[in-house]
Amino acid sequence: MLETHTIFEQEADGNKKPSAYHVTDIKEAVRDKNRVNIYINDKFFCSLDISQVIDLHIKIGRELEKDELDQLKRASDFGKFYARALEYSLTRPHSSKEIRDYLKRKTLDRKIRVKDRKTGKYKTKEKKGYDASLIELVFNRLEERGYINDYRFAELWVENRNVSKGTSMKKIRIELQQKGISSAVIDDVLGNSERDDIDELRKVIVHKAKKYPDEQKLIQYLLRQGFNYSDISEELSSIESSSV
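Caption draft 1: Examining helix α10 (residues 215–224) more closely. Listed in full, the buried residues belonging to α10 are L218, I219, Y221 and L222. Burial along α10 is one-sided: seen end-on, the buried residues are contained in an arc of 160 degrees. Exposed residues lying more than 90 degrees from the buried face of α10 are K217 and R224. Where α10 begins, the side chain of D214 points an oxygen toward the backbone nitrogen of Q216, at a separation of 2.9 Å. Following α10 by one or two positions, G226 adopts a phi angle in the positive range, close to 95 degrees.

Caption draft 2: Examining the pattern of salt bridges more closely. On inspection of all chains with the given rule, the structure shows 22 salt bridges. Here R62 makes a salt bridge to E68, at a shortest N to O gap of 2.9 Å. Using a relative accessible area of 23% as the deciding quantity, one classes R62 as partly exposed. One salt bridge in this structure joins K73 and D70, with 3.7 Å as the shortest N-O distance. Placement of the pair is K73 and D70 together in helix α3 (residues 66–91), with a separation of three residues, close to one helical turn. We classify K73 as buried; its relative accessible area is 16%. Several salt bridges converge on common partners, so that one network encompasses K66, D70 and K73.

Caption draft 3: Spotlight on the packing of helix α6 (residues 150–160) against helix α7 (residues 169–178). At a minimum axis separation of 11 Å, α6 and α7 run at an interaxial angle of 145 degrees. The chirality of how α6 crosses α7 is right-handed. Between α6 and α7, the contacting residues are F153, A154, W157 and V158 on the first element and I172, E175 and L176 on the second. Tallied by class, the residues present in the contact of α6 with α7 amount to six nonpolar, no polar and one charged.

Caption draft 4: Region of the structure containing the nonpolar core. Within the largest apolar cluster, 16 residues are counted, with the highest numbers of intra-cluster contacts made by F81, Y82, A85, I99, L103, V138 and L142. Those elements that place two or more of their residues in this core are α3, α4 (96–105) and α5 (135–144). Of the residues forming this core, the biggest block, six residues, is contributed by α3. Aside from chain neighbours lying at most four places away, what touches F81 is L103, K106, T107, Y130, D131, L134, I135 and V138. Among the nonpolar cores identified, the runner-up in size contains 14 residues, and V23, V36, L64 and L72 belong to it.

Caption draft 5: Spatial organisation of the side chain of S95. Counting through the fold element by element, S95 comes out in the loop between α3 and α4. At 2.6 Å, the side chain of S95 and the backbone oxygen of K179 are in polar contact. Look past the residues within four positions of S95 in its chain and what remains in contact with it is D150, F153, K179 and I181.

Rules of the game
- Residues numbered from 1 in each chain as written.
- Predicted model: local features only at pLDDT ≥ 70, side-chain atom pairs only at ≥ 80, totals over all residues.
- Heavy atoms only, no water.
- Buried < 20%, exposed > 50% of the residue type's maximum accessible area, 1.4 Å probe, protein only.
- Helix = DSSP H or I, 4+ residues; strand = E, 2+ residues; numbered from the N terminus.
- Arc of directions from axis to C-beta.
- Polar contact = N/O pair within 3.5 Å; in protein donor to acceptor, adjacent residues only side chain to side chain.
- Salt bridge = Lys/Arg side-chain N within 4 Å of Asp/Glu carboxyl O.
- Axes fitted to C-alpha atoms, helices over the stretch in contact; angles between N-to-C directions.
- Left-handed = near helix turned anticlockwise from the far one by under 90°.
- Contact = heavy atoms within 4.5 Å.
- Nonpolar A, V, L, I, M, F, W, Y, C, P; charged D, E, K, R; others polar.
- Core = buried A, V, L, I, M, F, W, Y, C linked by side-chain atoms within 4.5 Å.

The structure is reproduced here in structure tokens:
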């Protein structure tokens, strides 16, 4: 998703091409204090996060070649794309599949409503998506910094999924498969879990008994939740015996 780079618009309009490109100013961005606006030949060119400015050795007075300007544009887009992806990653744990799906969505163009500063009226405009070639770069950066870990994600999912209400191991397995977790990881995590289908079954029965007073309907519900029929039958018989 490229910003408006006025220096290139001038060239496209047939105006005289600048003989040289100089960094003429660096100003703190208004909306994000961790980013700065870069001005080339006294015109806004792009924004970079502070670490990028240091890594790319950007400073006022530096002369840049045309290919270096292209690098700045790409670095700017990468920085913004990574920031959005990091925010998404920190909302809650996500699987690698969820992260990839999110990154792909952010490369799609979409229509947004914006308020015209002059008229105060809202209008619809198209917002360009990020460059799809940046997906792997952003994904790899998140993974390198520990924000993507399918094994840890699966552990947390098993630990926290309907702990008080109960969930069958079969249902948890299906949920993890839908999240894109590999069978090897699922087998290992479930094998190390202290959760037990009988205990989970008892939780569900307690939670759903009033909603399904008819035993046959309760049994059908429990089967749909992934519990074994013999376990269901034995547990319900045990409850009936203890209530007599």
